[in-house]
Amino acid sequence: MPDPLVIRPARAEDDEAIDSLIRAAFGGTEYGHQGEAELVRMLGADGDVMVSLVAEQGGDVVGHVLFSRMDVEADGAPLSAAGLAPVSVAPGLQGRGIGDALIRAGLVSLRGQGVAIGFVLGHESYYPRFGYAPELAARFVSPFAGPHLMAMMLDSGAIWPQGGRADYAPAFGRLG
Ligand SMILES: CC(C)(COP(=O)(O)OP(=O)(O)OC[C@H]1O[C@@H](n2cnc3c(N)ncnc32)[C@H](O)[C@@H]1OP(=O)(O)O)[C@@H](O)C(=O)NCCC(=O)NCCS
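Residues numbered from 1 in each chain as written. Predicted model: local features only at pLDDT ≥ 70, side-chain atom pairs only at ≥ 80, totals over all residues.

Draft legend 1. Focus on unusual backbone geometry. Cis peptide bonds are those with omega within 30 degrees of zero, and the linkage from A85 to P86 qualifies with -10°. Within the element layout of this structure, P86 appears in strand β4 (residues 77-89). A positive phi angle, near 50°, is found at D75, a position not held by glycine. Its 12 C-beta neighbours within 10 Å are what place D75 among the exposed residues. (Helix = DSSP H or I, 4+ residues; strand = E, 2+ residues; numbered from the N terminus. Buried ≥ 20, exposed ≤ 12 C-beta atoms within 10 Å, placed from the backbone.)

Draft legend 2. The pairing of strand β5 (residues 117-121), seen in detail. Counting buried positions along β5 yields four of five residues, so the element is predominantly enclosed. Here β4 pairs with β5 via four bridges, running parallel. Across the sheet, A82 pairs through a bridge with G118, a residue of β5. In terms of handedness, the path from β4 via helix α3 (residues 98-112) over to β5 forms a crossover that is right-handed. Bridge count between β5 and strand β7 (residues 149-153): five bridges; the pairing is antiparallel. Paired with V120 across the bridge in β7 is M150. (Pairing = 2+ DSSP bridges. Right-handed = clockwise from strand over helix to strand, strands pointing away.)

Draft legend 3. Region of interest: the site of the ligand. Around the ligand, 19 residues are found, and the nearest of them are Q94, G95, G99, D100 and G122. If you tally residues by element for the shell around the ligand, the top one is β4, at four residues. Taken together, the residues that form the shell around the ligand break down as eight nonpolar, nine polar and two charged. (Near = placed C-beta within 6 Å. Nonpolar A, V, L, I, M, F, W, Y, C, P; charged D, E, K, R; others polar.)

Draft legend 4. Broad picture of helix α2 (residues 35-46). Its 12 residues give α2 an end-to-end C-alpha distance of 16 Å, which sits within 8% of 16 Å, the value for a rise of 1.5 Å per residue. Looking at α2, one finds that the buried residues are E36, L39, V40 and L43. Axial view of α2: buried residues confined to an arc of 100°, hence all on one face. A positive backbone phi angle near 75° is found at G47, which sits one or two residues after α2. (Expected span 1.5 Å × (residues − 1). Arc of directions from axis to C-beta.)

Draft legend 5. Looking closely at helix α1 (residues 15-27). Taking 1.5 Å of rise per residue, 13 residues should cover 18 Å, and α1 covers 18 Å from first to last C-alpha, within 8% of that figure. Within the span of α1, buried status applies to I18, L21, I22 and A25. Projected onto a plane normal to the axis of α1, the buried residues spread over an arc of 100° and lie on a single side. Projecting away from the buried face of α1 at angles above 90 degrees are the exposed residues E16 and G27. Those residues of α1 that are buried are in contact with α2, β2 (49-57), β3 (60-74) and β4. (Contact = placed C-beta atoms within 7 Å.)

The structure is reproduced here in structure tokens:
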């Protein structure tokens, strides 16, 4: 029987394992420029991390997800917002629900912090299952606007804002 999967907040001593995991997960993808590991370091240094969770199995870090503070204005007022990026699962363990479990746990934590809206830039085939919608993101002016930018109200009963502006944390603008 495989060891159970545990989702828990990342700790300082996980930094190296998270760094290696991200490099392994993104190494063979279209995003394979390794910028994600640097992004995680910069977001931490800037104090912009809202949620950072690891998936641990048998003492190994096999998955990680990070949500960072965004600067969002909706219908003329600031709205508490979090951007999902990056999410990584160890290459040999992808497709088994680990990413799903990490993202769902992260969204629960954001709701607990009273965050109103979440954004993600990624595959339209993956993120809508969590509630992210390109139609909501399209109401916001953003440097990342386009079909890959999706958003969700974290209170699913909340009325969608008519429009606004969405900016990721400054570290995203410093990515090479
Ligand atoms: C994307 C990623 C985090 C998903 O985590 P996961 O644990 O593999 O995914 P889950 O098991 O929760 O969900 C599987 C779904 O993810 C999708 N998926 C996306 N990339 C995948 C990959 N490389 N391998 C397997 N599934 C992948 C599949 O379409 C699958 O969809 P289905 O349920 O309709 O079959 C993970 O595959 C990964 O680390 N990929 C490399 C890094 C990356 O691309 N990160 C996201 C950038 S937007």
